Amino acid sequence: MMNNDVLRSVRYMLDISDAKVVDIIKLGGYEVSKADVIAFTKKDEEEGYEPCSDEIMAHFLDGLVYFKRGKDESRPAVPTELPMTNNTVLKKLRVAFELKEEDMHAILKASEFPVSKPELSALFRKFGHNNYRACGDQLLRNFLKGLTLRVRG
C-alpha cells in the first residue's frame, strides 16, 4: 500500500490537522513542512501531489507511537525500519494504538475481513521466519478501515 494512503487514512482517523502531522513527524525525529504534508495528502492525480518516502513514513509512524503513548526518555530511540513494508506499518499501528491480538481480530472482523489466529501471528513474525507472511494491501486497507471505525465510532 502506498505510504500516502496510510498517511491520509491515519490523518482522517485521528481527525488531525496538517500542522499536527508535521508535529508527529517531528516527534519521530524528522523535519517536514506543512506544504510537504499537504502535498503528501493530495490524491495521486491532483496537482502538487508528492510521494511520501519510506523514510518519512517511518518517522511518522515512530512519531505516532510517541504521540499516542508518550515518549519514554529512559529508553533508547528505536532504529528506523527501512524499507517500509505493510507488515511494518501494521506493527507500528498495533504499538501506537496499544492493540492486543483480540483487538486486531475485532478490528479486521469489523471491516468484514476476518483472519485466523495463525494468519495474524504470521504477519508479526520476522522476515525470513518459517511462518512469516507478507501483509497484503487489501488486509492493510481493511485494517485501517476497521481501526478508523473503532477510533471515530
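Coordinates for the structure precede this section.
Residues numbered from 1 in each chain as written. Predicted model: local features only at pLDDT ≥ 70, side-chain atom pairs only at ≥ 80, totals over all residues. Heavy atoms only, no water.

A. Structural view of the overall build of the chain. A count of helical and extended segments in the chain gives eight helices and zero strands. In the chain, the succession of helices and strands from N to C terminus is α-α-α-α-α-α-α-α. In summary, the chain has a C-alpha radius of gyration of 15 Å against a globular reference of 15 Å for 153 residues, a match within 12%. Each principal axis of the C-alpha atoms in the chain carries an extent, and together these give about 40 × 40 × 30 Å. Split into buried and exposed, the 153 residues of the chain put 42% on the buried side. Sequence-distant contacts, at least 24 apart, represent 68% of the contacts inside the chain between residues at least 6 apart. Accessible area of the chain: about 8,600 Å², with a carbon and sulfur share of 49%. (Helix = DSSP H or I, 4+ residues; strand = E, 2+ residues; numbered from the N terminus. Rg over C-alpha atoms; globule rule 2.2 N^0.38 Å. Buried < 20%, exposed > 50% of the residue type's maximum accessible area, 1.4 Å probe, protein only. Contact = heavy atoms within 4.5 Å. Areas by Shrake-Rupley, 256 points an atom, 1.4 Å probe, with all protein chains shown as cover.)

B. Helix α3 (residues 34-41), seen in detail. Buried residues of α3: Val 37, Ala 39, Phe 40 and Thr 41, and no others. In the core, the buried residues of α3 are packed alongside α1 (3-14), α2 (18-27) and α4 (54-69).

C. Quick look at the packing of α1 against α4. The contact between α1 and α4 brings their axes to 10 Å, and the two run at 25°. One finds that α1 runs roughly parallel with respect to α4. Crossing of α1 over α4 shows left-handed handedness. Contact with α1, carried on its side by Asn 3, Val 6, Leu 7, Val 10 and Leu 14, involves Asp 54, Met 57, Phe 60, Leu 64, Phe 67 and Lys 68 of α4 and no other residues of that element. (Axes fitted to C-alpha atoms, helices over the stretch in contact; angles between N-to-C directions. Parallel < 35°, antiparallel > 145°, perpendicular 65-115°, else oblique. Left-handed = near helix turned anticlockwise from the far one by under 90°.)

D. Spatial organisation of the nonpolar core. In terms of nonpolar packing, the biggest core is built from 42 residues, with Val 10, Phe 60, Leu 64, Leu 90, Leu 93, Phe 97 and Phe 143 touching the most fellow members. Only α1, α2, α3, α4, α5 (86-96), α6 (101-110), α7 (117-123) and α8 (137-152) provide two or more residues apiece to this core. Looking at this core, the element that brings in the most residues is α4, giving seven residues. Discounting chain neighbours no more than four positions away, the residues touching Val 10 are Phe 60, Leu 64, Leu 93 and Leu 144. (Core = buried A, V, L, I, M, F, W, Y, C linked by side-chain atoms within 4.5 Å.)

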